[in-house]
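Chain residues, written in single-letter form:
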Amino acid sequence: MTAPQASSDASTKPTPEPPRRTSWRDSLAVYLQPRVLIVLLLGFSSGLPLALSGSTLQVWMKESGVDLGTIGLLALIGTPYTLKFLWAPLVDALHVPLFTQMFGRRRGWLLFSQLLLIAAILVLAMADPARSPWFAAFAALLVATMSSTQDIVVDAFRVESLPESEQAAGMASYVAAYRVGMLVSTAGALFIVSGFEASGLARPTAWMWGYVVMAAMILIGIVTALAATEPAQSRDAEAATHTQNAAQRVFHAALGAFSEFLTRKDAFVALAFVVLFKFTDAFSGTMTAPFVIDIGFSKVDYAAIVKGVGLAATLIGGFAGGFVARRYPLATSLWIGGVLQALANLSFSWLAHVGVNQWALALAITAENFTSAIGTVIFVAYLSALCRNPLHTATQYALLTALAAVGRTYLSSGAGYVAQYVGWSAFFVICVLVAVPSLLLLAWLQKRGHFDELGPIRV
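Residues numbered from 1 in each chain as written. Predicted model: local features only at pLDDT ≥ 70, side-chain atom pairs only at ≥ 80, totals over all residues. Heavy atoms only, no water.

A few words now on the overall build of the protein. Counting secondary structure elements, the protein contains 27 helices and zero strands. Sorting the 459 residues of the protein into buried and exposed places 50% on the buried side. Partitioning the intrachain contacts of the protein with sequence separation of at least 6 by distance along the chain shows that 83% fall at a separation of at least 24. (Helix = DSSP H or I, 4+ residues; strand = E, 2+ residues; numbered from the N terminus. Buried < 20%, exposed > 50% of the residue type's maximum accessible area, 1.4 Å probe, protein only. Contact = heavy atoms within 4.5 Å.)

Pasting the structure below:
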């Protein structure tokens, strides 16, 4: 072919159309996709058990006359949620007899963990904190362990079953339903117990039946798992490892989760970004309650505005985050979420100057929770994009979420000393500044082609 011919052919070659921008109608329609609805219902099942071994149990123990020292130690019951990555390789690699054969690798584990969770909640329902608080604590530990195991499976199921175009919508639905599940097992459980007491049941019996009702609600997750289909990625992974024994599969899941990630370019920078992206939220969130009470608001204001208005803002922000993540590329979405969640802290600096004003508090809480939810949904979409190997999705995701919790659990521990030294207004300005390292890492990763290596992700 001569040069003029090549030029002529090239001139007649059709130009590829630019990608169509996502409309509001498209963004809303994705939430009605069957796969997204499945994830939504599984989110409710994941959020429901959390308070049953936490705040709701603390109320039960306080009404049963358990001393405050023992109640305080109940915080340790949450340990399985932070250590779940230790047994995530078992979920990735082992088969559950009968369940795996009948329902598949992910759905089998999902149903198995949900049945164990129901059993654990029923054991807790039979406990009597007044007579044996330590048995009740042990039963609550079982609930937390089974609940965190369910979380491992649901996270892997969500990542593997949703295509890229539905990941953010699935996460937004999951977060919203998770919050609703937590609300049901806190305020809902307390209303149910109070209703049983009003009907004439003794307080211990009312608490028992309240927890039985909560156990029955896990059936929503079981029905959802039965209605779902096994992710194609999971079936492929099962076929690839069918010749290995159980020990080999566990070893390869644990080793592969680490080695595959660490061999990527700029892996340690990406891990540092995972630790720091939500640090601005964690640093300010640690001191939100003391700040609100310290400047003069009442506990009623805190409960009604911070919890009530904050929940509504979180739910709306979650779906807004899903829209942002579907409309823009992943790196752009992370910039939007990272900048918004940092700047929202300035609303608390403003509130520190305004003082006691319920409308000002509602505005500040709305801004913080709304932007935080946007950042969360986009961030989890990024974590999901990092875990695309079905051989160890559960293990990698559990590891990444454990790393993300480092900022919330450890790096934020000195926030109180900073607030005490500089005052509330300056403290929340500092909360904005602590977001700068994560944004610098984001710029570095974007410049180095990190997001290009993840593929043409437009979640």
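Back to the text.
Below, the discussion takes up unusual backbone geometry. A positive phi angle is found at Leu98, which is not glycine, with a value near 70°. As for its position among the elements, Leu98 is in the loop between helix H7 (88-93) and helix H8 (99-103).

A separate point is the packing of aromatic side chains. Scanning the model with the defined rule gives 20 aromatic pairs in all. Between Tyr382 and Phe451, the aromatic rings sit 5.9 Å apart at their centres with planes inclined by 55°, giving tilted as the arrangement. Here the residue Tyr382 occupies a position in helix H22 (residues 358-386), and Phe451 occupies one in helix H27 (residues 450-453), the gap between them amounting to 69 residues. Relative accessible area serves as the criterion here: at 0%, Tyr382 is assigned to the buried category. Arranged with centres 5.0 Å apart and planes meeting at 75°, the rings of Phe427 and Phe428 form a pair that is edge-to-face. (Phe/Tyr/Trp six-rings, centres within 6.5 Å; stacked < 30°, edge-to-face > 60°.)

Across the interface, helix H16 (residues 267-276) lies against H22 with an axial gap of 11 Å and an inter-helix angle of 150°. Looking at the two axes, H16 sits roughly antiparallel to H22. When the axes of H16 and H22 are compared, the crossing they make is left-handed. In contact with Ala270, Phe273 and Val274 of H16, H22 contributes Phe379, Tyr382, Leu383 and Leu386. Split by residue class, the contact of H16 with H22 holds seven nonpolar, no polar and no charged. (Axes fitted to C-alpha atoms, helices over the stretch in contact; angles between N-to-C directions. Parallel < 35°, antiparallel > 145°, perpendicular 65-115°, else oblique. Left-handed = near helix turned anticlockwise from the far one by under 90°. Nonpolar A, V, L, I, M, F, W, Y, C, P; charged D, E, K, R; others polar.)

Here we come to helix H20 (residues 330-343). The terminal C-alpha atoms of H20 lie 20 Å apart, and with 14 residues this matches the ideal 20 Å at 1.5 Å per residue to within 8%. Where H20 is concerned, the buried positions are Leu330, Ala331, Ser333, Leu334, Gly337, Gly338, Gln341 and Ala342. Down the axis, H20 shows its buried residues gathered within 155° of arc, on one side only. (Expected span 1.5 Å × (residues − 1). Arc of directions from axis to C-beta.)

Here the focus is the side chain of Ser438. As for its placement among the helices and strands, Ser438 is situated in helix H26 (residues 436-447). Here Ser438 falls in the buried class, since its relative accessible area comes to 2%. Polar side-chain contacts of Ser438 include one of 2.7 Å to the backbone oxygen of Ala435. Apart from residues no more than four positions distant in its own chain, Ser438 is found in contact with Phe273, Leu276 and Phe277. (Polar contact = N/O pair within 3.5 Å; in protein donor to acceptor, adjacent residues only side chain to side chain.)

Take the pattern of salt bridges next. Tallied over the full model, the rule gives seven salt bridges. As a salt-bridge pair, Glu63 and Arg203 come within 3.6 Å of each other at their nearest N and O atoms. Separated by 140 residues along the polypeptide, Glu63 in helix H4 (residues 55-63) and Arg203 in helix H12 (residues 203-217) bring together distant segments of the chain. Residue classification places Arg203 among the partly exposed residues on the basis of a relative accessible area of 40%. Several salt bridges converge on common partners, so that one network encompasses Glu63, Glu197 and Arg203. (Salt bridge = Lys/Arg side-chain N within 4 Å of Asp/Glu carboxyl O.)

The next thing to look at is the environment of Ile374. Looking at the secondary structure, you find Ile374 in helix H22. Along the sequence, Ile374 and Gly317 sit 57 residues apart, while their C-alpha atoms lie 5.3 Å from each other. If we ignore the near neighbours within four places in the chain, the residues touching Ile374 are Gly317, Ala320, Gly321, Gly337 and Leu340.

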